[in-house]
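The chain contents come next:
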Amino acid sequence: MGVLRGLVRIMERQNFSSTTKRIKQSQAGHNANRNDADLTLDTRVSQTADTEEQGGGERDAGGESHSPGSRTGDRGTADQRYHALMMFTKVDRSRSLQDKFKVAMLSMVRHAHFLEGEVLVLHFVSDQASKELGERMLRDFLIDATFKYEVLFHDVAALTQKLFPIVEAMQKHFSAGSGAYYSDAIFFLSVAMHHIMPEGLTRIVQLDLDLKYRTNIRDLFQEFDRFPPGAVIGITREMQPVYRHTFWQYRKENPKTRVGEPSPDGLPGFNSGVMLLDLAAMRASVLYNQLLEPSNVAKLADQYRFRGHLGDQDFFTMIGMEHPDLFHSLACGWNRQLCTWWRDHGYGDVFQLYYRCDGPVYIYHGNCNSPIPDD
């Protein structure tokens, strides 16, 4: 398998310029002695930090932000990168989030297999305290990885500063409470990530922390190649009657509508626990970027009598009612949601129509703190 190298890059405030620390360098092979892995944290800090010799990083120049690149490898190397991003804020304060992260990472590592010359790049949007905890946890979780990887931490304050002007106007339609709260902007990261991340980053998967992987995450990335023309996001349907409830007024005024109805014939809305974001397609789509404009958000929210509280998921659901061709529908097994809250809150008679998921389960999603089945 060759030498396994894990990198930690800390994406600094404002410009994503990175400081690099090596957290792992061990022999990756089926016969390697796992107990002999060198997990010594390299605390040397440098702009280049030996990354080119490790085949997994890039050289920073002039304080510019250099992303880990696109899937095709854009830094003169043969490495092909697969990017995955998770929100990792306030984890230091929550044992529950720490436990979920452990389940997610250990199951991902257990099932993940990548080819020679491929690198899994794990992005975490984090505050400083959670980043420090995450670095320590990842040293343990990635010890058995049989693939090349990089780990990058993005400063949540810097991202929020960039996001807020873009998403401020839409927050009032899709946030809990009233008004647009600055700190809530980060929950709309996926909506505007094509404006935030460097141009060289063209595809990324965004994942919740409360997941358990039952298959090779590399297979999820193959769904990008199944996007139909015009699609910019891959996403799974919502598996509870959330939007049957949220669109109640529109449904009352339009009794024959498909909005809020269960699949396969209805439009149940989306769940954002697992998302494929084709950032290049998002940048190129005139329609998608028009839908981000405050006047168009307000127009659709008024048209559908929509008032949500789930951030990006609500936005994608609303525009998906009007423009379903922007989305590639992932099989329900890629985000098998386990929450049953709505079954016990007024929708027991129709719940199973939404909750049903035939076919294999690739990723369990323990949303609303639902227990995840053992393997």
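Just above, that's the structure.
Quick caveat: nothing in here was measured; it's all calculated off a predicted structure.

Quick notes on the rules
Residues numbered from 1 in each chain as written. Predicted model: local features only at pLDDT ≥ 70, side-chain atom pairs only at ≥ 80, totals over all residues. Heavy atoms only, no water. Pairing = 2+ DSSP bridges. Helix = DSSP H or I, 4+ residues; strand = E, 2+ residues; numbered from the N terminus. Disulfide = S-S within 2.5 Å. Buried < 20%, exposed > 50% of the residue type's maximum accessible area, 1.4 Å probe, protein only. 1 Å grid on protein atoms, 1.4 Å probe; cavity = no way out; pocket = protein on both sides within 12 Å on 5 of 7 lines; lining within 4 Å. Points joined across faces, edges and corners; volume = space filled by probe spheres on them. Nonpolar A, V, L, I, M, F, W, Y, C, P; charged D, E, K, R; others polar. Phe/Tyr/Trp six-rings, centres within 6.5 Å; stacked < 30°, edge-to-face > 60°. Salt bridge = Lys/Arg side-chain N within 4 Å of Asp/Glu carboxyl O. Axes fitted to C-alpha atoms, helices over the stretch in contact; angles between N-to-C directions. Left-handed = near helix turned anticlockwise from the far one by under 90°. Contact = heavy atoms within 4.5 Å. Expected span 1.5 Å × (residues − 1). Bend = angle between axes of the 7 residues up to and from the residue. Core = buried A, V, L, I, M, F, W, Y, C linked by side-chain atoms within 4.5 Å. Parallel < 35°, antiparallel > 145°, perpendicular 65-115°, else oblique.

Caption draft 1: Layout of the sheet that holds strand β12 (residues 363-365). Overall, mixed pairing links the three strands, which are arranged β7-β12-β11 in an open sheet. The sheet is open, and its two edges are formed by β7 (211-213) and β11 (336-337), each paired on a single side.

Caption draft 2: Summary view of the state of the cysteines. According to the stated counting rule, one finds two disulfides in the structure shown. Each sulfur of the disulfide joining Cys-332 and Cys-357 lies 2.0 Å from the other. On the sign convention where negative means left-handed, the S-S torsion of about 90 degrees between Cys-332 and Cys-357 marks this disulfide as right-handed. With Cys-332 in the loop between β10 (327-329) and β11 and Cys-357 in the loop between α12 (351-355) and β12, this residue pair connects regions lying 25 residues apart in the sequence. You can call Cys-332 buried: its relative accessible area is 12%. Shown here is the disulfide that connects Cys-339 with Cys-368, its sulfur atoms set 2.0 Å apart. Of note, the bridge from Cys-339 to Cys-368 carries an S-S torsion of about 105 degrees and is right-handed in sense. Placement of Cys-339 in the loop between β11 and α12 and of Cys-368 in the segment after β12 is noted, with a sequence separation of 29 residues between them. Of the residues examined, Cys-339 reaches a relative accessible area of 4% and is grouped as buried. Here Cys-368 falls in the partly exposed class, since its relative accessible area comes to 47%. In the chain, the cysteines engaged in disulfides, taken in order along the sequence, are linked 1-3, 2-4.

Caption draft 3: Structural view of the layout of surface pockets. Volume-wise, the largest pocket comes out at about 1400 Å³. If you trace the largest pocket, you find 46 residues lining it, with Met-87, Phe-187, Asp-208, Ser-272 and Leu-310 closest to the centre. Its volume calculated, the second largest pocket comes out at about 260 Å³. Lining the second largest pocket are 17 residues, with Gly-266, Leu-267, Pro-268, Phe-270 and Ser-329 positioned closest to its centre. Secondary-structure elements contributing two or more residues to the lining of the second largest pocket are β8 (233-237), α11 (312-322) and β10. Of the residues contributing to the lining of the second largest pocket, the split by class is seven nonpolar, eight polar and two charged.

Caption draft 4: Region of interest: the packing of aromatic side chains. In total, this model carries 26 aromatic pairs according to the counting rule given. A ring pair is formed by Tyr-288 and Phe-315, whose centres lie 6.5 Å apart and whose planes are at 80 degrees; its orientation type is edge-to-face. On the criterion of sequence distance, the pair formed by Tyr-288 in helix α9 (residues 286-291) and Phe-315 in helix α11 is long-range, its members being 27 residues apart. Judged by relative accessible area, Phe-315 falls into the buried class, the value being 0%.

Caption draft 5: Broad picture of the pattern of salt bridges. In total, this model carries 13 salt bridges according to the counting rule given. Where Glu-150 meets Arg-81, a salt bridge forms, and the shortest distance between an N and an O atom there is 2.9 Å. With Glu-150 in strand β5 (residues 148-155) and Arg-81 in strand β3 (residues 80-88), this residue pair connects regions lying 69 residues apart in the sequence. Classification of Glu-150 by relative accessible area gives buried; the value is 1%. We classify Arg-81 as buried; its relative accessible area is 0%. Within the structure, one salt-bridge network assembled from shared partners comprises Asp-79, Arg-81 and Glu-150.

Caption draft 6: How the structure looks around the packing of helix α1 (residues 95-111) against helix α2 (residues 128-141). Viewed as axis vectors pointing N to C, α1 and α2 meet at an angle of 35 degrees, and their least axial separation amounts to 10 Å. For the crossing formed where α1 meets α2, the hand is right-handed. For the pair α1 and α2, the contacting residues are Gln-98, Phe-101, Lys-102, Met-105, Leu-106 and Val-109 in the first and Leu-133, Met-137, Leu-138 and Phe-141 in the second. Of the residues contributing to the contact of α1 with α2, the split by class is eight nonpolar, one polar and one charged.

Caption draft 7: Spotlight on helix α3 (residues 156-174). Its 19 residues give α3 an end-to-end C-alpha distance of only 20 Å, which falls more than 12% under 27 Å, the value for a rise of 1.5 Å per residue. Along α3, the sharpest change in direction is near 65 degrees and occurs at Val-167. Turning to α3, its buried residues number three or more, namely Val-156, Ala-158, Leu-159, Thr-160, Leu-163, Phe-164, Val-167, Met-170, Gln-171, His-173 and Phe-174. Elements that come into contact with the buried residues of α3 comprise β4 (118-126), β5, α4 (189-196), α10 (294-303) and α11.

Caption draft 8: The nonpolar core, seen in detail. In terms of nonpolar packing, the biggest core is built from 57 residues, with Met-170, Ile-233, Tyr-288, Tyr-304, Phe-315, Phe-316 and Ile-319 touching the most fellow members. Sort the elements by how many residues they give to this core and α3 lands first, with seven residues. Counting residues in hydrophobic clusters, the runner-up holds 41 residues, among them Ala-112, Leu-211, Val-274 and Leu-330.

Caption draft 9: Structural detail: the packing of α3 against α4. Running from N to C, α3 and α4 point in directions that differ by 120 degrees, and their axes come no closer than 10 Å. Between α3 and α4, the interaxial angle falls into the category oblique. Where α3 crosses over α4, the two elements pack in a sense that is right-handed. Along the contact surface, α3 presents Leu-159, Lys-162, Leu-163, Ile-166, Val-167 and Met-170, while α4 presents Leu-189, Val-191, Ala-192, His-195 and Ile-196. Taken together, the residues of the contact of α3 with α4 sort by class into nine nonpolar, one polar and one charged.

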